[in-house]
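Chain by chain, the residues:
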2 protein chains.
Amino acid sequence: MRATVIHGTRDVRLETVPDPQILRPTDAIVRVVASCVCGSDLWQYRGVNEVTKPSRIGHEFVGVVEEVGPQVTQIRPGQFVVAPFSICDNTCVHCRNGVHTSCTNLAWWGSTDQDDLPTDGGQGEFVRVPMADGTLVATPEHPSDELLPSVLALADVFGTGHHAAVSAGVKVGSTVAVIGDGAVGLSAVLAAQRLGAGRIIAMSRHESRQVVAREFGATDIIAARGAEGVAELMELTDGVGVDCALECVGTKESMQQALDSARPGGKVGFVGVPAGGPELPVRQMFSSNVGVNGGVAPVRGYIPELMADVYAGTVNPGRVFDLTVPLAEVAEAYAAMDERRAIKSMLLP
Amino acid sequence: MRATVIHGTRDVRLETVPDPQILRPTDAIVRVVASCVCGSDLWQYRGVNEVTKPSRIGHEFVGVVEEVGPQVTQIRPGQFVVAPFSICDNTCVHCRNGVHTSCTNLAWWGSTDQDDLPTDGGQGEFVRVPMADGTLVATPEHPSDELLPSVLALADVFGTGHHAAVSAGVKVGSTVAVIGDGAVGLSAVLAAQRLGAGRIIAMSRHESRQVVAREFGATDIIAARGAEGVAELMELTDGVGVDCALECVGTKESMQQALDSARPGGKVGFVGVPAGGPELPVRQMFSSNVGVNGGVAPVRGYIPELMADVYAGTVNPGRVFDLTVPLAEVAEAYAAMDERRAIKSMLLP
C-alpha cells in the first residue's frame, strides 16, 4: 500500500510500504476513506521536533473496516468508523473516568502499540487498528461526500475544541473567549456555541478564519494580540473579563492572554500542546481564582455525543477543511498549512 | 483600646491605640469577642515578609455590633457577626459571581479601606468595619462558649478549607487527598467530609494533627512526604491516584505532591498562599489532564451555608483551636504556633 513517511524538515513523501495485517486477535484493518494533516504534524515538518529517522505520520482518519481479528466483537467488517487520534482499550479505569488519553494501554499512530508492535500512520491507504473495539467508533451509516469532512473532524479537531470548552466549564449563557484561530480554535468556537455560550469572542487576525469563526457562532472578533487584545476584550466585557477562556495555541503568550482574559473565578480550558513547556504563573491564578484545566483531549469519549449532532446536521465541524487533495499530493497538503494557505488539509486516497 | 501591633520579626505587642470611630456612613464598629492567629500572620512574624513599620495585625474575628453608620441597613447594633478575612461590598459583579476576594472595593484588615482610610486589625478589642452590610454576616443568635470557636473558624480557616474542596470538585463519593495538616488542611478534611467524599487521605506527620484529621473524617493517614508520600498514596489507590487533591501549604513541593497525587483528569484545589511563586508544570498538567483551581478563598460567600451547619451542630470546625489565651498574651499565641506547639491559637479579650 501507499502511506506517508516523513523524512525530515519539510520532507514528507508518499511511499510504498507493506500492507498491514492482523497481528493481534483484537486488531482490525481499516481502509482509509479520508485523512488529514494536524497542526501538530507541522512540528516535525517544521523541524521544531526533530525527525531522527523516516517515520510514518498522521493520526486522524476515517474509513471502512476490511477485516477484524477473532477477539473483536463490537466492530464488524463493512462498518464505517472514526479513529480518534490515540489508541485505547476503552475499558481501563482512566477510560471509564473519561480520560482515554491516559488509557493504561495508550498507544499512538505511527509509533508502537501496547505490545510494542509498530503502528501505521493515518495518512495512508490502510491502517492496522490495535484494540479495535476500544479505539474505533462506528458511524450510524456510511457518510455522504458532503458529510465526510465533518465525520473526519471527529477524529481530533472537533473533539479537541470541545475539550477546551468542557474544560473551561462552558455552559448555557457563558461568555467565552477563544485564543487561537487555527482549526482547533475554530472548532472550540463551534463547541462553545453548541454548549450554549451566550457570547463568543474569537481572537483572530486572518480574514478567512474570521469568516469561519462567525459561521461557527463567534459574536465578536478581536484582531489584536497580547496586552492590546486583552484591553479590547476588557472593553467588550465592561472590564470584567470572560467566564471561560479557551487556549488553543500552546505558547506562553497565548496562555498568558487566556489567563488575563478570564474574569476572577473564571476558567481557562487549554488544549494547545505546550510548546517548550511554558510554566503557569501560580500567583496570578491564586489572586484571581482563575483555574486552568484541560490537556490532551480524550476525544474517544466525546465521539458518540458529537457524532450524533454531526449526523443530525446541527453542527458542521468539517468546515475547517479548506483544502482537499489526493493522497499523492500529501506534500502540498503540508506545504499549504505550513504557509498558512490552508486552515486544514484533507487527504483522499 | 488595646490592639496587636507587629513591630518586626517575632515581635508582636498588645498596645493602646485610638478607639475606632465611624468614618463613613457605611461603617460599623464591632466589639471583638474572639479573634485568632492565622498561619499567614506567621509570615511577617517569622520575617519571611518584612515588617517595614509597626502595623496592626489579625484578620479573623467575631463579635458584637456596637454602632453602625447611617447608611448601614442590614447589620444592626447588638447582632453577633462574623467578619471574613477580607472586606467587600457584596454587590459588585465579582461578589455576585461568588468571588468576594476580587471585589471591586476589596480591602484588607490592618491596612487601608476602599477610601484609603486605615483599617483596624482583627486582634484587638474593637474594629471599624468598612462596608458593614457587605462584609459582615450576622449569626442566627449569639453563640454559646462551646460554639464560639466554630463560629470563629468561619472567618477564614473553615471557609478556606471549603474553598479547596469546592475548587477540586469534591462531591459525594470522591476520593480525596489533603496535603498539609495545618489548620487549613484539617479544615479541608472536614470540608471534604461534609461534601460527601468517600475516602479522605490526610498527609500528616504530626500525631496530634492526625487525631484531628481522623475526627474530621480522614479515612487514611500518610506520614511520608514527597515522592515517598505519593508512592504510598498510589498504593492505597491501586495506582490510580485521587479524584481531588487539596493543596493547603503553598510551597513548590506541596503543589508538586498534589499534582502527582491526582488521577488523570483529576483536580487540584489549592488555597495555600504560593510562597515565592512556584510556577506550575504545564506539560505535566497537559499530559495528565489534571486541572488546577483555587486561590484566595472567597470566604464571605461561603459563610451563610457553612454557618448553618455550624449552628446545626453537624460540623465542629473550631476543633482546630488547641490553644486559647487572653489578648494580653498575644505574643504567646504567636510563639506557640511558630514553634508548632499549637495548631491554631484563639484570643479572648
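Residues numbered from 1 in each chain as written. Chains lettered and ligands numbered in written order. Predicted model: local features only at pLDDT ≥ 70, side-chain atom pairs only at ≥ 80, totals over all residues. Heavy atoms only, no water.

Examining the sheet that holds strand β1 (residues 2-8) of chain B
Residue and element names in this part refer to chain B.
For step 1, the next point in the chain: With respect to topology, three strands assemble into an open sheet ordered β2-β1-β4, the strand pairing being antiparallel. Looking at strand neighbours, the two that pair on one side only are β2 (11-16) and β4 (55-56), the edges of this open sheet.
For step 2, the next point in the chain: Across six bridges, β1 lies against β2 in antiparallel orientation. In the sheet register, I6 faces β2, and the bridge partner there is V12.
For step 3, the next point in the chain: On top of the sheet, helix α12 (residues 330-338) reaches β1 and β2; it is set at about 160° to β2, its chief contact. (Pairing = 2+ DSSP bridges. Helix = DSSP H or I, 4+ residues; strand = E, 2+ residues; numbered from the N terminus. Contact = heavy atoms within 4.5 Å. Axes fitted to C-alpha atoms, helices over the stretch in contact; angles between N-to-C directions.)

Let's talk about the interface of chain B and chain A
For step 1, the next point in the chain: The partner chain A presents 38 residues to the 38 residues of chain B that form the contact.
For step 2, the next point in the chain: When chain B packs against chain A, the two sides together hide about 3,000 Å² of surface, and 61% of this comes from carbon and sulfur.
For step 3, the next point in the chain: The largest share of the area that chain B buries against chain A comes from V282, F286 and N289 of chain B, three residues that together contribute 23% of it.
For step 4, the next point in the chain: Linking chain B to chain A there are zero salt bridges. (Buried area = accessible area lost by both parts, 1.4 Å probe. Salt bridge = Lys/Arg side-chain N within 4 Å of Asp/Glu carboxyl O.)

Some remarks on the sheet that holds strand β1 (residues 2-8) of chain A
Residue and element names in this part refer to chain A.
For step 1, the next point in the chain: Reading across from one edge, β2-β1-β4 is the order of the three strands in this open sheet, with antiparallel pairing throughout. Whereas interior strands pair on both sides, the edge strands pair on one side only; in this sheet they are β2 (11-16) and β4 (55-56).
For step 2, the next point in the chain: Pairing analysis gives two bridges linking β1 to β4, with the strands arranged antiparallel. Among the inter-strand pairings, V5 is bridged to a residue of β4, identified as R56.
For step 3, the next point in the chain: Against the sheet, helix α12 (residues 330-338) makes contact with β1 and β2, and its axis sits at roughly 160° relative to β2, the strand it touches most.

Some words on the relation of the copies chain B and chain A
For step 1, the next point in the chain: With an RMSD of 0.0 Å, the fit of chain B onto chain A corresponds to turning through 180° and sliding 0.0 Å along the axis. On the angle and the small slide along the axis, the relation comes out as a two-fold axis.
For step 2, the next point in the chain: Residue by residue, 100% of the interface of chain B is reproduced at the interface of chain A, so both copies engage with the same surface. (Least-squares fit on C-alpha atoms with pLDDT ≥ 70 in both.)

Quick notes on the domain arrangement of chain A
By a widely used convention, the size of an interface equals the accessible area lost when the partners come together.
Residue and element names in this part refer to chain A.
For step 1, the next point in the chain: Domain parsing of chain A yields domain 1 (2-156 + 298-348) and domain 2 (161-294).
For step 2, the next point in the chain: Computed from C-alpha coordinates alone, the two centres of domain 1 and domain 2 are separated by 27 Å.
For step 3, the next point in the chain: Residue-level contacts link 15 residues of domain 1 with 17 residues of domain 2.
For step 4, the next point in the chain: Summed over both partners, the interface of domain 1 with domain 2 buries about 1,500 Å², with 66% contributed by carbon and sulfur atoms.
For step 5, the next point in the chain: Contact with domain 2 buries surface across domain 1, with Y302, R319 and I343 losing the most and accounting together for 37% of the total. (Domains from an automatic or database assignment.)

Some details on the state of the cysteines
For step 1, the next point in the chain: By the definition in use, this model includes zero disulfides over all chains.
For step 2, the next point in the chain: Here C92 of chain A stays unpaired: no disulfide links it, and the sulfur of C95 of chain A, its closest cysteine neighbor, is 3.9 Å away. (Disulfide = S-S within 2.5 Å.)

Quick notes on the nonpolar core
For step 1, the next point in the chain: Core analysis: the biggest nonpolar cluster contains 150 residues, and L246 of chain A together with L246 of chain B have the highest contact counts within it.
For step 2, the next point in the chain: In this structure, L246 of chain A is in contact with A164, A165, A168, V170, V176, A177, V178, I179, A188, A192 and G269 of chain A, ignoring residues within four places of it in sequence. (Core = buried A, V, L, I, M, F, W, Y, C linked by side-chain atoms within 4.5 Å. Buried < 20%, exposed > 50% of the residue type's maximum accessible area, 1.4 Å probe, protein only.)

Here we look at the packing of aromatic side chains
For step 1, the next point in the chain: Taken as a whole and judged by the stated rule, the model has eight aromatic pairs over all chains.
For step 2, the next point in the chain: Each ring, one from F286 of chain A and one from F270 of chain B, has its centre 6.0 Å from the other, and the planes form 55°; the classification is tilted. Of this pair, F286 of chain A sits in helix α10 (residues 282-288) while F270 of chain B sits in strand β15 (residues 262-270), each in a different chain.
For step 3, the next point in the chain: By relative accessible area, which is 10% here, F286 of chain A ends up buried.
For step 4, the next point in the chain: With a relative accessible area of 1%, F270 of chain B lands in the buried category.
For step 5, the next point in the chain: Seen in terms of ring centroids, F85 of chain B and W108 of chain B are 6.4 Å apart; in terms of plane orientation they differ by 10°. Their pairing is stacked. A residue pair is termed long-range when its members are at least 10 positions apart, and F85 of chain B in the loop between β6 (80-83) and β7 (86-87) and W108 of chain B in strand β8 (residues 107-108) qualify at 23 residues.
For step 6, the next point in the chain: The class of W108 of chain B is partly exposed, set by a relative accessible area of 36%. (Phe/Tyr/Trp six-rings, centres within 6.5 Å; stacked < 30°, edge-to-face > 60°.)

A short note on the environment of A34 of chain A
Residue and element names in this part refer to chain A.
For step 1, the next point in the chain: Tracing the backbone shows A34 in strand β3 (residues 28-36).
For step 2, the next point in the chain: The exposure class of A34 is buried, given its relative accessible area of 0%.
For step 3, the next point in the chain: Note: C-alpha distance between A34 and E305 (271 residues apart in sequence) is 21 Å.
For step 4, the next point in the chain: Ignoring anything within four residues of it in the chain, the contact list for A34 reads E60, F61, V62, L148, L152, M346, L347 and L348.

Quick look at the packing of helix α8 (residues 226-236) of chain A against helix α9 (residues 252-261) of chain A
All names here are of chain A.
For step 1, the next point in the chain: Interhelical geometry of α8 versus α9 gives an angle of 25° and a closest axis separation of 10 Å. The angle between the axes of α8 and α9 places the two elements in the roughly parallel class. Judged by the sense of rotation from one axis to the other, the crossing of α8 with α9 is right-handed. Facing G226, V230, L233 and M234 of α8, the residues of α9 in contact are Q257, D260 and S261.
For step 2, the next point in the chain: Taken together, the residues of the contact of α8 with α9 sort by class into three nonpolar, three polar and one charged. (Parallel < 35°, antiparallel > 145°, perpendicular 65-115°, else oblique. Left-handed = near helix turned anticlockwise from the far one by under 90°. Nonpolar A, V, L, I, M, F, W, Y, C, P; charged D, E, K, R; others polar.)

Observations regarding the environment of T251 of chain B
Residue and element names in this part refer to chain B.
For step 1, the next point in the chain: Its location among the elements puts T251 in the loop between β14 (242-247) and α9 (252-261).
For step 2, the next point in the chain: In this structure T251 comes out as partly exposed when scored by relative accessible area, which is 28%.
For step 3, the next point in the chain: A C-alpha to C-alpha distance of 11 Å links T251 and I179, two positions 72 residues apart in sequence.

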